[in-house]
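# Commentary on secondary and tertiary structure
In case you want the letters, here they are:
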Amino acid sequence: MKKRTTSIVVALTLGVCASVVSTSHAADERADKARAYYQQGVVAMNEGKYNLAKTSFREVLKLYPSHPQARRQLVYIQSNMSTLETNQRKKLLKQVIIPEVNLEKATVQESVEVLSSHIKTNSKDKKSPNIIVQDSKSLFKGKTVTLRLSKVPAETLLKYITDQVDGQTRYDTHAIVIRPRPRDVQPEQ
């Protein structure tokens, strides 16, 4: 009987040890997956790929629902998505250097088309600026742009164009909008 009891104890001990090793291995795999997703999210954020970052941080939270860094990053992205995308659009325009531009009495629309073409060409079609001119009251009519510049960032060129026609630029999520600067309303006398 003593031999049988010893065999049962040994068998149970081996079973528990195997279970602990198996559980430990699964926990290690889960932790490795969470680390990989978190790193992927951080890299995606740094590259301006916010949807991928959100997905990565959500995957971490599926594995570890109380993961504080993933939760903080996800909340930050969701709370600041518009600003993050706007800043990314500005950053991309700063990176594109226009080798040379010559505009002589060009309309706002013509200037924007030239700028867009330069951006696409000089970014090797990787960046599409999506610039929209909004001028429902035709306040840009008769205003022209004359510029002769070389080696200038696209963002700076856009600023020079809008400054010459008394316009302003608004960076939206999907486009850059150029419109006339609001005029001060004079009080009636």
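Conventions adopted
Residues numbered from 1 in each chain as written. Predicted model: local features only at pLDDT ≥ 70, side-chain atom pairs only at ≥ 80, totals over all residues. Heavy atoms only, no water. Helix = DSSP H or I, 4+ residues; strand = E, 2+ residues; numbered from the N terminus. Buried < 20%, exposed > 50% of the residue type's maximum accessible area, 1.4 Å probe, protein only. Contact = heavy atoms within 4.5 Å. Areas by Shrake-Rupley, 256 points an atom, 1.4 Å probe, with all protein chains shown as cover. pLDDT = per-residue confidence, 0-100.

An unreviewed UniProt entry annotates the chain as Tetratricopeptide repeat protein originating from Oceaniferula marina.

### Some words on the overall build of the chain
Helix and strand counts for the chain stand at five helices and five strands. Overall, the chain shows an N-to-C arrangement of helices and strands of α-α-α-β-α-β-β-α-β-β. A burial count over the chain gives 29% of its 189 residues as buried. A separation of at least 24 residues holds for 59% of the contacts in the chain among residues at least 6 apart in sequence. If you sum the accessible surface of the chain, you get close to 12700 Å²; carbon and sulfur atoms cover 53% of it.

### A look at the side chain of Thr-162
Mapped onto the elements of the fold, Thr-162 is located in helix α5 (residues 154-164). Aside from chain neighbours lying at most four places away, what touches Thr-162 is Gly-167, Gln-168, Thr-169 and Ile-178.

### Some remarks on the confidence of the model for the chain
For the chain, per-residue confidence averages 84 on the pLDDT scale, and 84% of positions sit at 70 or higher. For the stretch residues 16-21, pLDDT sits under 50, and the model shows zero contacts to residues farther than four places along the chain or on other chains.

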